[in-house]
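Report on the structure
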Amino acid sequence: MDKAIKVSHVTKKYKLYSSTSERILDLLTPKSYGEDFFALANVSFEAEKGDIIGFVGVNGSGKSTLSNIISGIVPETTGEVEVDGQAALIAVASGLKNDLSGRDNIELKCLMLGFTRKEIDLLEPKIIEFSELGKFIDQPVKSYSSGMKSRLGFAISINVDPDILIIDEALSVGDKAFAEKSLNKMKEFKAQGKTMVFVSHSIGQMKQFCEKILWLDYGMVKDFGSAEDVLPRYEKFVEEFKKMSNSEKKKFRKDALEKQKESLSSLSLI
Ligand SMILES: Nc1ncnc2c1ncn2[C@@H]1O[C@H](COP(=O)(O)OP(=O)(O)OP(=O)(O)O)[C@@H](O)[C@H]1O
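Residues numbered from 1 in each chain as written. Predicted model: local features only at pLDDT ≥ 70, side-chain atom pairs only at ≥ 80, totals over all residues.

1. Things to note about unusual backbone geometry
Put simply, the test is: Secondary structure is summarised from DSSP: a helix means a run of H or I of at least four residues, a strand means a run of E of at least two, and numbering begins at the N terminus for each.
At Glu 132, a position not held by glycine, the phi torsion is positive, near 55°. Phi is positive for Ser 268, which is not a glycine, with a value near 55°. Within the secondary structure layout, Ser 268 lies in the segment after α9 (246–266).

2. Observations concerning the sheet that holds strand β2 (residues 35–48)
Going by this rule: By definition, two strands form a pair when at least two bridges between them are found by DSSP. To get an axis, a line is fitted to the C-alpha atoms, and for a helix only the part in contact is used. The angle between two axes follows their N-to-C directions and goes from 0 to 180 degrees.
Taken in spatial order, the three strands make up an open sheet running β2-β1-β4, and their pairing is antiparallel. Across the chains shown, the open sheet's two edge strands, defined by having one partner strand only, are β2 and β4 (78–83). For this sheet, the mean inter-axis angle between neighbouring strands, taken without regard to orientation, is 20°. Note: strand β1 (residues 3–16) against β2, 10 bridges, orientation antiparallel. Looking at β2, one finds that Lys 13 is bridged to Phe 38.

3. Some thoughts on the packing of helix α3 (residues 102–112) against helix α4 (residues 117–131)
Basically, it comes down to this: Small angles under 35 degrees read as roughly parallel and large ones over 145 as roughly antiparallel, with 65 to 115 read as roughly perpendicular and the rest as oblique. Handedness of a crossing is defined here by the sense of rotation of the near helix relative to the far one, left-handed for an anticlockwise turn of less than a right angle and right-handed for a clockwise turn. Placing C-beta atoms from the backbone, we regard two residues as in contact once those atoms come within 7 Å. In this classification, Asp, Glu, Lys and Arg are treated as charged, Ala, Val, Leu, Ile, Met, Phe, Trp, Tyr, Cys and Pro as nonpolar, and every other residue, Gly included, as polar.
Put simply, α3 and α4 touch, their axes get as near as 10 Å, and they point 135° apart. With respect to their mutual orientation, α3 and α4 come out oblique. When you trace α3 past α4, the crossing you get is right-handed. Between α3 and α4, the residues in contact are Ile 106, Glu 107 and Cys 110 and Ile 120, Leu 123, Glu 124 and Ile 127, respectively. Here the contact of α3 with α4 is composed, by residue class, of five nonpolar, no polar and two charged.

4. Notes on the pairing of strand β7 (residues 195–199)
Looking down a regular strand, the side chains alternate between one sheet face and the other. Going by this rule: Counting other C-beta atoms within 10 Å of each residue's C-beta, where C-beta atoms are placed from the backbone, gives the exposure class: buried for 20 or more, exposed for 12 or fewer, partly exposed between.
Of all five residues making up β7, five are buried, and the element is well covered by its neighbours. The sheet contact formed by strand β3 (residues 52–56) and β7 spans four bridges and is parallel. Along β7, the bridge assignment pairs Ile 52 with Met 196. Of the pairings in the sheet, the one linking strand β6 (residues 164–168) to β7 comprises five bridges and is parallel in character. Bridging from a neighbouring strand, Ile 167 pairs with Phe 198 of β7.

Rendered as structure tokens:
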């Protein structure tokens, strides 16, 4: 494939239930219960090899859902996702098994990625050193703070040398020194011409890193283009959004959901 990532008309539908009994009835009876909710609605974009793309959007706009789909952690409901090579996701809650120790998580992840025992023996010390977890590496992950989980996730993902690196808010929970070290590692990654997707609420980090920006709004693509063009528009929107009264926000939401409906019906999904 000539592109690094190709996302075509991707939709992710969740069901929202008002109670546990509604959820159980939906599972056990032929009648459908609950309300359909589209976290992503007809999302399309392409990343060239070597692109550094930032995903922006207010809370709940679908950034993590899209990152998880691209990483293969969550399946899309409809549409198509093509990824050229191995994508690794770094997110605070991504893929770590809570009952296993940090060391066992490293081994499991490497085995799942197809590394041999010999390769794992070489990689493991590097990952442990990068994580700075010291003796905690042999403690179960459920005893880790979110910063420690993020450090372990970061250390694994960056050291297994993936073709595409997806970083979802992982830099926001660690301490400053670790964030700096991670940013430097990402710069190395960038210098090698690899593809990166970066999700962050920090516009400063986006400016520092990303060449292109995908702006999501209510699960739809609001804008996609150069960071130079899109970030100022997004920044302006965030300022305006913050100033909106509750009724203005309600109207904004209603209009967005109306647009979502149009887009979904154009795909004959509703
Ligand atoms: N498993 C799930 N079941 C139901 N709804 C979900 C599920 N996962 C995510 N959602 C919903 O999908 C929408 C998009 O969530 P997502 O986490 O992708 O947004 P986000 O842009 O990453 O938000 P944030 O900036 O707050 O991290 C949200 O409304 C969220 O509540």
